[in-house]
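Spelled out, the chains give:
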Amino acid sequence: MRLSRYFLPLLKETPKEAEIISHQLMLRAGMIKQQGAGSYTWLPLGLKVLNKLTRIIEEEQNRSGAIQLLMPTLQSADLWRESGRYDAYGKEMLRIKDRHERDLLYGPTNEEMITDVFRTYVKSYKDLPLNLYHIQWKFRDEVRPRFGTMRSREFLMKDAYSFDLDEKSAVDAYHRMFVAYLRTFYRMGLTAIPMRADTGPIGGNLSHEFIILAETGESQVFCHRDILDKPIPPLETDFRADLTPIFEDWTSLYAATEDMVDAAAYEAAVPEDKRVSARGIEVGHIFYFGTKYSKPMGASVTGADGKETDVHMGSYGIGPSRLVAGIIEAFHDENGIAWPVSVAPFEAVVINLKVGDAGSDAAAERLYADFLGEGIDALYDDRDQGAGGKFAAADLIGVPYQVIVGPRGLKDGTVEIKHRQSGERETLSIEEAVGRVKSLIVPNRRDSL
C-alpha cells in the first residue's frame, strides 16, 4: 500500500478524552474514530489489525475442532425468558421493541440462541461432541464506557459453545479450548496467563480468565512467576487426545484474579521470591456451566440407553476489539505503538527520504515491489514531506521494520533497517535488504509453534 493513497488520519495532539495509552495511541494513529459513548468506527489501519487478530482466532478455533457459524445481533426476548436471564441480566442489556411490539434485545452474549440452534437440530448422542462458534458484534450498555475499545458498549466477540453428553466429556472440551487459547494468544505475541476466575452472570462452577499483565489493568492478579515462562503446546498437539495433563500442568502453578485469591493459600503455595502481584487485562474467558441453559431450555439428546439426557455446555469468549487495545498496552513506548509482527497492520514500511530524487525513487520502488513479491505486507511512504514526519508516523503506527532509503546511503549502495521494538539499526546493501527483512518477519508471524 502506498501511503499517499491510503486513508490514515494521524493526530499530532493527544485527545483529552483518552485516559489510557491504548486509547490515546489508537486515536492518534488513525485506527478508530469515536462516534458516541463507547461506540467507534474502525478506520482502515485499525480494521487491518482487527482482521489479523480475527484470522488467528479462527485458525486456532478451527484447529481445535470448533465449527464456525454466524448468529444475528438482535435476539428474541422469549429465548432469554426461557433461561430465566431476561429480567435478571440488568440494565446492561439493551431492550427494544419492533414495529409489532415484540420484545427484542441487542445480544450481549449468545448462550440462549446457540442452545436454541442446538435443540432444533441435534437429537442423538451420536452427534456429540459438538463445538460451535461465531465472531459477532455485541452490545452491553455500560454505565460508564471508558478506555476506548477496552471497555466499549459495542464490541466484537468470539463466542464458542461446547455441547457434550456428560460432565467428563464437557470438561475434556474445556481442556481443549484452554489449550487453544494458550496457542491463540502466543501467536499474537502475548504472554496470557490462565487464572482461576469468578463465573459471574454466565454461571457455572469452572472458569479461567486469560490475563496479560499491564499497569493499566482493571484488576489485581496473583500468580507464580514460573508460569510466565511455560512453553506453549506445539502445533502437533492432537486435539482428539486427552489434554488433561497439559491443563493440570498449567494450573498446578498458582494463578488467580483478585475475586478468587485466598491470601493465605497464595502465600503457602508460592515462595516469596516467586510471587507476582500485578495489574492485569482480561483478554479471554472460558466457562463450564453444565446444564444451566440446556435443562430449562430443553436441549437434550437421546442417549445410548434410549433415555433423554440434558447436554452439558461450556462457553468460551475472546474479544478481538478489546484485544487490540490490550496488545497496545503491552507493546508501546514514548514514540507510539510497537506491534508484534503477527498482528501488525503492515509488516514493513519503505521510507523514501527524498521523493523526486531519481535514485531514491527507483530504489524505494524496487524494494517495495520486491517486498510484495515475497509476500510481505508492506507500506510505502511515498509522500513528499520531511524525513522527521515520516519517521514519526512510522514509529506512531508501529510497523515492525522500517527500511530507510535516501541519497546518502545510496551513494554506497546501502539502505538502513530499523527494528521498531528494539530500536536496533542495520545497514545493508539493497540486494540484501529484502532477504534480511523477510528472515526477520517470517518466524515472527508465529504461523506455527
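Everything quoted here is computed from the prediction, not taken from an experiment. (Residues numbered from 1 in each chain as written. Predicted model: local features only at pLDDT ≥ 70, side-chain atom pairs only at ≥ 80, totals over all residues. Heavy atoms only, no water.)

Q: So what about the sheet that holds strand S5 (residues 94-97)? Which residues, and what values?
A: The antiparallel open sheet is built from three strands, whose spatial order is S4-S6-S5. Each edge of the open sheet carries a strand with a single partner, namely strand S4 (74-76) and S5. Direction aside, neighbouring strands of the sheet carry axes that sit 40 degrees apart on average. When S4 meets strand S6 (residues 103-106), the two strands line up antiparallel, connected through three bridges. Its bridge partner being in S6, Gln75 is matched across the sheet by Leu105. (Pairing = 2+ DSSP bridges. Helix = DSSP H or I, 4+ residues; strand = E, 2+ residues; numbered from the N terminus. Axes fitted to C-alpha atoms, helices over the stretch in contact; angles between N-to-C directions.)

Q: For the packing of helix H5 (residues 167-187) against helix H6 (residues 244-251), give the residues involved together with the corresponding values.
A: Two numbers describe how H5 lies on H6: the axes approach to 9 Å, and their chain directions differ by 65 degrees. Along this stretch, H5 crosses H6, giving a crossing that reads as left-handed. Together, Asp172, Tyr174, His175, Phe178, Val179 and Leu182 of H5 and Thr244, Ile246, Phe247, Trp250 and Thr251 of H6 make up the contact between the two elements. The residue makeup of the contact of H5 with H6, split by class, is seven nonpolar, three polar and one charged. (Left-handed = near helix turned anticlockwise from the far one by under 90°. Contact = heavy atoms within 4.5 Å. Nonpolar A, V, L, I, M, F, W, Y, C, P; charged D, E, K, R; others polar.)

Q: Run through H6, naming residues and quoting values.
A: Those residues of H6 lying buried are Thr244, Phe247 and Trp250. The buried residues of H6 all sit within an arc of 130 degrees when viewed along its axis, so they share a single face. Buried residues along H6 sit against H5, strand S9 (193-196) and strand S10 (206-213). (Buried < 20%, exposed > 50% of the residue type's maximum accessible area, 1.4 Å probe, protein only. Arc of directions from axis to C-beta.)

Q: How would you sum up the environment of Glu111? Please name residues and give values.
A: Relative to the helices and strands, Glu111 is located in helix H4 (residues 111-121). The buried category is assigned to Glu111, whose relative accessible area is 0%. It is 61 Å that separates the C-alpha atoms of Glu111 and Gly413, two residues lying 302 residues apart in sequence. A distance of 2.7 Å separates polar atoms of two side chains, one belonging to Glu111 and the other to Thr109. (Polar contact = N/O pair within 3.5 Å; in protein donor to acceptor, adjacent residues only side chain to side chain.)

Q: Report on the packing of helix H2 (residues 44-64) against H5, specifying residues and quantitative values.
A: With their axes 9 Å apart at the nearest point, H2 and H5 run at an angle of 150 degrees to one another. As far as their axial angle goes, H5 and H2 are roughly antiparallel. The handedness of the crossing between H2 and H5 is right-handed. On H5, the residues touching Arg55, Ile56, Ile57, Glu59, Glu60, Gln61, Arg63 and Ser64 of H2 are Arg176, Met177, Ala180, Tyr181, Arg183, Thr184 and Arg187. Its residues assigned to classes, the contact of H2 with H5 shows five nonpolar, three polar and seven charged. (Parallel < 35°, antiparallel > 145°, perpendicular 65-115°, else oblique.)

Q: Explain the pairing of strand S7 (residues 130-139) residue by residue, including any values.
A: Judged by how many residues are buried, S7 sits mostly within the fold: nine of ten residues are covered. Strand direction decides the pairing type here: strand S3 (residues 67-68) and S7, joined by two bridges, are parallel. Within the sheet, the bridge partner assigned to Ile67 lies in S7 and is Leu132. Pairing of S7 with strand S8 (residues 154-164), which is carried by ten bridges, proceeds in the antiparallel orientation. Pairing of Leu132 across the sheet is with Tyr161, part of S8.

Shape is all these values report; function is a separate question.
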